[in-house]
Amino acid sequence: MSIIGIGIDIIKKSRIKKIKSLFGNKFAKKILSNLELKKYEFSKNKIKFLTKRFSAKEAFVKALGTGIRKDISFKNLEIYNNCLGKPKIKAFKKTLKFLKRNNIIKKHISISHEKKYFCSVVILEN
């Protein structure tokens, strides 16, 4: 296996707070998968939830080197935690097909934050 992409994203929590205040839940519906939306609805800290997901998905598309485009959609990416709490990435639909077509088989992610800032790093392997 070899590394084919590394992506990093850092975002200020206040940026997502401003977007949410302007657009309400439209932003959440645009960037979250169906399962993430359900979790978001029950989340006690919605801004933190959105900021983590947005940062992780931005780092992912940077690692791909594609950005968001017709085959790559934030809604078709899901950030979840395994039984030990480790963050993981799951792809669906056209995004999953794109990964398979490009032989991307391993996805590693790390998410960190402190009061104002959230940071994510993604490493992709083939």
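One structure accompanies this document, and this report is about it. (Residues numbered from 1 in each chain as written. Predicted model: local features only at pLDDT ≥ 70, side-chain atom pairs only at ≥ 80, totals over all residues. Heavy atoms only, no water.)

**Concerning the overall build of the chain**
Within the chain, the secondary structure is distributed over five helices and five strands. N-terminal to C-terminal, the α/β element order of the chain is β-α-α-α-α-β-β-α-β-β. For 126 residues, the compact-globule estimate of 2.2 N^0.38 gives 14 Å, and the C-alpha radius of gyration of the chain, at 14 Å, lies within 12% of that figure. The dimensions of the chain, computed from C-alpha atoms along their principal axes, are 40 × 30 × 30 Å. Residue pairs in contact within the chain that sit at least 24 positions apart in sequence constitute 57% of those at least 6 positions apart. Once the 33 positive and 8 negative side-chain charges of the chain are each reduced to a mean point, those two points are 4 Å apart. (Helix = DSSP H or I, 4+ residues; strand = E, 2+ residues; numbered from the N terminus. Rg over C-alpha atoms; globule rule 2.2 N^0.38 Å. Contact = heavy atoms within 4.5 Å. Lys, Arg positive; Asp, Glu negative; His and termini not counted. Charge placed at Lys NZ, Arg CZ, Asp CG, Glu CD.)

**Regarding the sheet that holds strand β4 (residues 106-114)**
The three strands lie next to each other as β1-β5-β4, forming an open sheet whose pairing is antiparallel. On the outer flanks of this sheet lie β1 (3-12) and β4, each paired with one strand and no other. Direction aside, neighbouring strands of the sheet carry axes that sit 10° apart on average. Where helix α4 (residues 46-64) meets the sheet, it contacts β1, β4 and β5 (117-125), and its direction lies at approximately 35° from that of β5. (Pairing = 2+ DSSP bridges. Axes fitted to C-alpha atoms, helices over the stretch in contact; angles between N-to-C directions.)

**With respect to the packing of aromatic side chains**
Taken as a whole and assessed by the stated rule, the structure comprises three aromatic pairs. Both rings, one in Phe-54 and one in Phe-74, keep their centres 5.7 Å apart while their planes meet at 75°; by these two values the pair is edge-to-face. Of this pair, Phe-54 sits in helix α4 while Phe-74 sits in the loop between α4 and β2 (77-81), and the two are 20 residues apart along the sequence. Of the two residues, Phe-54 and Phe-74, both sit in the buried class. Three or more aromatic residues joined by ring pairs make a cluster, and in this case those are Phe-27, Phe-54 and Phe-74. Directly above the aromatic system of Tyr-40 lies the positively charged group of Lys-46, at a separation of 5.3 Å from the ring centroid. In this arrangement the basic side chain of Arg-53 is found over the ring face of Phe-49, its NZ or CZ atom lying 3.9 Å from the centre. (Phe/Tyr/Trp six-rings, centres within 6.5 Å; stacked < 30°, edge-to-face > 60°. Buried < 20%, exposed > 50% of the residue type's maximum accessible area, 1.4 Å probe, protein only. Lys NZ or Arg CZ within 6 Å of the ring centre and 35° of its normal.)

**With respect to helix α5 (residues 93-101)**
Note: α-helices contain 3.6 residues per turn, so residues at a spacing of three or four share the same orientation. Of the positions making up α5, those classed as buried are Thr-95, Phe-98 and Leu-99. Axial view of α5: buried residues confined to an arc of 100°, hence all on one face. Residues of α5 that are exposed and angled more than 90 degrees away from the buried face: Lys-93, Lys-97, Lys-100 and Arg-101. Of the surrounding elements, those touching the buried residues of α5 are α4, β2, β3 (87-91) and β4. (Arc of directions from axis to C-beta.)

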